[in-house]
Each structure stands twice: as structure tokens, then as C-alpha cells.
Amino acid sequence: MPSRRPHATIDLAALEHNFTRVKQLAPNSKILAVLKANAYGHGMLPVAQALKQADALGVARLDEALALRAGGIARPIVLLEGFFHQDELAQVVASNLQLVIHHREQAEALLAAQLDAPVRVWLKVDSGMHRLGIYPHEFNELYQRLSQSRNVQGPLRLMSHFASSDELDKPATANQLALFQQITQGSAGELSLANSGAVLNWPQSHGDWVRPGLMLYGVSPMADAVGSAHDLKPVMTLSSSVIAVREVNAGDAVGYGGSWIAAHDSRLAVVAMGYGDGYPRAAGNNAAVLINGKRLPIVGRVSMDMITVDIGNEAVAVGDNVILWGSDLPVEQLARCVDTIAYELLCNITSRVQFSYINPSH
């Protein structure tokens, strides 16, 4: 009997295809591949090992970078949130990590530190997202001081982050790009602005470095699209299996709270997948799965360990494979059904789910 445990299959050939797609879209840019949040739920170390052609890897925090170093990854690693405490700087130097500096207190701490060696710095400017980044009026001062510091391996790299690169009908991205160009004009250093949305939609923003995240995993950052629309291939297939098949009569209420009542006699497949595995609870009565190639509706509430699927007269048996998302059932579609974004669904997969990696290049 096949395993009944929820399973995430990570297709490394699809990952490499998506990386090649980034290179096609931004042929003159270096690629900082973003692996934060466990590579968007895909497994940080195997993804890093597969992306051999990436010019650098981006993570959010020091512990992620140290895990990559411990796993044997020697390529440049950028801490996208920089350092949180000055006592982390010794580890940054020892592990040969690169820093994003995004507010004055970080800059002052770096300037005042006693380091064994200088570090590579990416100076982040707030061009309109208003989350992280030094203020525009601070740029000239901090740029000069950091450029002249013995703690900084020059030249600085200059970056910002787009708030709405996935929304083509808004002027925000063009405004941010113009402001960033105005702020950094005449300043030496490689430039980086483009996240996945900008890689796809704003070629004028590609600069010296692009920073793809979601698109590497085959998922579209656009609200109304799926990855295949951009010639991207989904890297993760989330699957499980049928653990029971049951008959229900017209009028029977199914699941917690009886939120679904059978309109006619039918059959249900019970699937080993629930919110304890990271599947969204809001999918109950709103989403579908694939069983034997048929798209069938989830009925009743998603519980911690199980979902129920109305299979009607379909030939479904215990042990049959169930696709929760993958090539034929894009995660973007599920995200829209449950009023969230694909990023959240991918990142929410829990440790109860078994992972396997297929099609590595050699």
C-alpha cells in the first residue's frame, strides 16, 4: 500500500528551467537568487545546491545564512535584513557574508565596529515602499561615510525594493524607479531593484543585479496569472492519498459544524491532508483537488489532519494519489480561492510533510 503521508515533490529540473528563464529575461544582469523562508518552503539547502549558476544567494537573517554555510554552500550570501545586533558582525565576517544596510542605526553600528576584515555592503534606499531603506535625504552622507570606512569592502552596491511591480496599471513602480535613479545618480556602485514582478514587467529596472524569488519556484507574482503564462514551471507538487471512501446520503452533514450538507446521495474521499500539514483551512467548500486527473471539490471544513472530497461516481479507491497543487492545479488558483497569496501557501507547509527532490542536474 502506498504511503499515506502528505508529500512535497520538488522538481529541481523545473527550478533550473525557471532560473534559465530569469537569465533570458535579464540577460545583462547578475542574479541574486532569493532563498529566504526555507526557499519559499521548498528546502533552502537543496535549492541552493541546485542553483549552481546563481551569482549570489539572498536570505533574510543570519541563521539562514549560517545554515547554508554549514551545508557547504560557499557562494556569496547576502543578508537582506542585514544584522540585528552589533555582536553578529563577527560572525558575518567569519562566514564571509554580505550585508544590506537599511537604516541609520545599522550604518552607525557598522562604522563603529572593530572588524577583522571589511564586509561587502548593499545600501538600501527607501524609494517609496516605506518599509525598509535609508531615507533619501540621508543617502549622500551615509554613502560617503560607508564608502570611506575601513569596515566596508568597496564599492557599495545600491538597492531598493518595489512595492507594486506586479500591478502594471499603477504609477508606483515608475515613480520609485525615477526616484532611485535621481538619488543614486553619479554614485559609483552596482544597482539592484528588480524582484520577480519587475524581472517580468519592468526591463528598464533590471540594472546590474536582479533579485528573483517567487518566480524561481515557478509561481507568478501577478494576481491574475499562473506561472505557465510566463513560461515558468512549478517546482513543488503537493500530494497525499485517499485514506477512506465513504457513502453519504442526501441531507447528511459532513465535517465539523456540518458546513456542507449533501444535496443528493454521493460518495466522499477522505484525504490525509489538513491545516496541521499547512493546507489552508479556508479551502473547505471553496477549493478542489485532483484525483486520477479529475478536479473534484473539497466539501466540509478542512480539519487538522484530513479533508473530505465529493467524488460522486468517480472511480476512486483507498490509496489513490491526490494532488493538492502542482502543474495541473496551480497553487495560484488555490490562493485565489482562499483569498491569500501563493507565497503564504508555499511557506506554510509544515514539517509533517515529507519532502523528496527529483531530477537534479549532474
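Structural notes, computed from the coordinates. Within each chain, residues carry numbers counting from 1 in the order of the written sequence. The predicted origin of the model limits local features to residues at a pLDDT of at least 70 and limits the giving and counting of side-chain atom pairs to 80 or more, whereas totals for whole chains, interfaces and linings rest on all residues. Here the side-chain values reflect all heavy atoms present in the structure, with hydrogen atoms and water set aside.

When helices and strands are counted, the protein shows 11 helices and 18 strands. Considering only C-alpha atoms, the protein reaches an extent of 75 × 45 × 40 Å along its principal axes. Three labels apply to residues, based on accessible area from a 1.4 Å probe with only protein chains included: buried if under 20% of the type maximum, exposed if over 50%, partly exposed otherwise in between. Residues counted as buried form 53% of the 362 residues belonging to the protein. We call two residues contacting when some pair of their heavy atoms lies within 4.5 Å. Look at the contacts in the protein between residues 6 or more apart in sequence, and 63% of them connect residues 24 or more apart. Here the protein contributes 28 positive and 33 negative side-chain charges, whose respective centroids are spaced 4 Å apart. Counting from the N terminus, the helices are DSSP H or I runs at least four residues long and the strands are E runs at least two residues long. Under this rule, positive means Lys or Arg and negative means Asp or Glu; His and the chain ends count for nothing. A charge is said to be at NZ when it belongs to Lys, at CZ for Arg, at CG for Asp and at CD for Glu.

Helix span, expected: 1.5 Å multiplied by one less than the number of residues in the helix. For helix 8 (residues 172–184), spanning 13 residues, the distance from its first C-alpha to its last is 18 Å, which sits close to the expected 18 Å at 1.5 Å a residue. Buried residues of helix 8: Thr173, Gln176, Leu177, Phe180, Ile183 and Thr184, and no others. Taken end-on, helix 8 shows its buried residues confined to a sector of 130°, consistent with a single buried face. For helix 8, the elements touching its buried residues are helix 7 (139–148), strand 7 (152–159) and strand 8 (191–194). Within this analysis, the arc is defined by the directions that extend from the helix axis to the C-beta atoms.

This brings us to the nonpolar core. By size, the foremost hydrophobic cluster in this structure holds 108 residues, and its most contacted members are Leu35, Leu110, Tyr279, Ile291, Val309 and Trp325. In this structure tryptophan 325 touches Met236, Thr237, Leu238, Tyr279, Pro330, Val331, Leu334, Leu345, Leu346 and Ile349, once residues within four positions along its chain are discounted. Within this scheme, the nonpolar core is defined by two criteria: the residues are buried Ala, Val, Leu, Ile, Met, Phe, Trp, Tyr or Cys, and they are joined through side-chain atoms within 4.5 Å. Among the nonpolar cores identified, the runner-up in size contains six residues, and Val248, Ala262, Leu268 and Val299 belong to it.

In this section: the environment of glutamine 181. Mapping glutamine 181 onto the fold places it in helix 8. Residue class for glutamine 181 comes out partly exposed when judged on its relative accessible area of 44%. Along the chain, glutamine 181 and glutamine 204 lie 23 residues apart, while their C-alpha atoms are 11 Å from each other.

The term salt bridge refers to a side-chain nitrogen of Lys or Arg lying within 4 Å of a carboxyl oxygen of Asp or Glu. If you walk through the whole model with that rule in mind, you get 11 salt bridges. The partner of arginine 104 in a salt bridge is glutamate 108, with the nearest N and O atoms 3.3 Å apart. On the criterion of helical spacing, the pair formed by arginine 104 and glutamate 108 is a turn pair, its members being four residues apart in helix 6 (residues 104–112). Glutamate 108 sits in the partly exposed class, given a relative accessible area of 28%. Of the charged contacts, one joins glutamate 190 and arginine 157 as a salt bridge, the two residues approaching to 2.9 Å between their closest N and O atoms.

This next bit is on the packing of helix 6 against helix 7. Axis definition: a line fitted to C-alpha atoms, limited for helices to the stretch in contact. Angles are taken between N-to-C directions and run from 0 to 180 degrees. Where helix 6 contacts helix 7, the axes come no closer than 11 Å and their chain directions differ by 20°. Between helix 6 and helix 7, the interaxial angle falls into the category roughly parallel. Our pair here, helix 6 against helix 7, has a crossing hand that is left-handed. In contact with Arg104, Ala107, Glu108, Leu110 and Leu111 of helix 6, helix 7 contributes Glu141, Leu142, Arg145 and Leu146. The labels follow the angle: roughly parallel below 35 degrees, roughly antiparallel above 145, roughly perpendicular from 65 to 115, and oblique for the rest. When the near helix sits turned anticlockwise from the far one by under a right angle, the crossing is termed left-handed; a clockwise turn instead gives a right-handed crossing.

For the rest of this paragraph, the subject is the packing of aromatic side chains. Note on aromatic pairs: the rings of Phe, Tyr and Trp (six-membered ring only in Trp) are paired at centre separations within 6.5 Å, and the planes decide the class, stacked below 30 degrees, edge-to-face beyond 60, tilted for the rest. Throughout the structure, instances matching the rule amount to five aromatic pairs. Aromatic pair tyrosine 40 and tyrosine 343: ring centres 6.1 Å apart, planes at 35°, arrangement tilted. Of the two residues, tyrosine 40 sits in helix 2 (residues 36–41) while tyrosine 343 sits in helix 11 (residues 342–347), which places them 303 residues apart along the sequence. What makes tyrosine 40 buried here is its relative accessible area of 8%.

On to the state of the cysteines. What makes a disulfide is a covalent bond joining the sulfur atoms belonging to two cysteines. Here, the term disulfide refers to a pair of cysteine sulfur atoms separated by no more than 2.5 Å. Per the counting criterion, the structure on display carries zero disulfides. Cysteine 337 takes part in no disulfide bond, and the closest cysteine sulfur, belonging to cysteine 347, lies 19 Å away. By relative accessible area, cysteine 337 is classed as partly exposed at 39%. A relative accessible area of 35% means that cysteine 347 is categorised as partly exposed.

Everything listed here is a matter of coordinates, which is why it stays silent on function.
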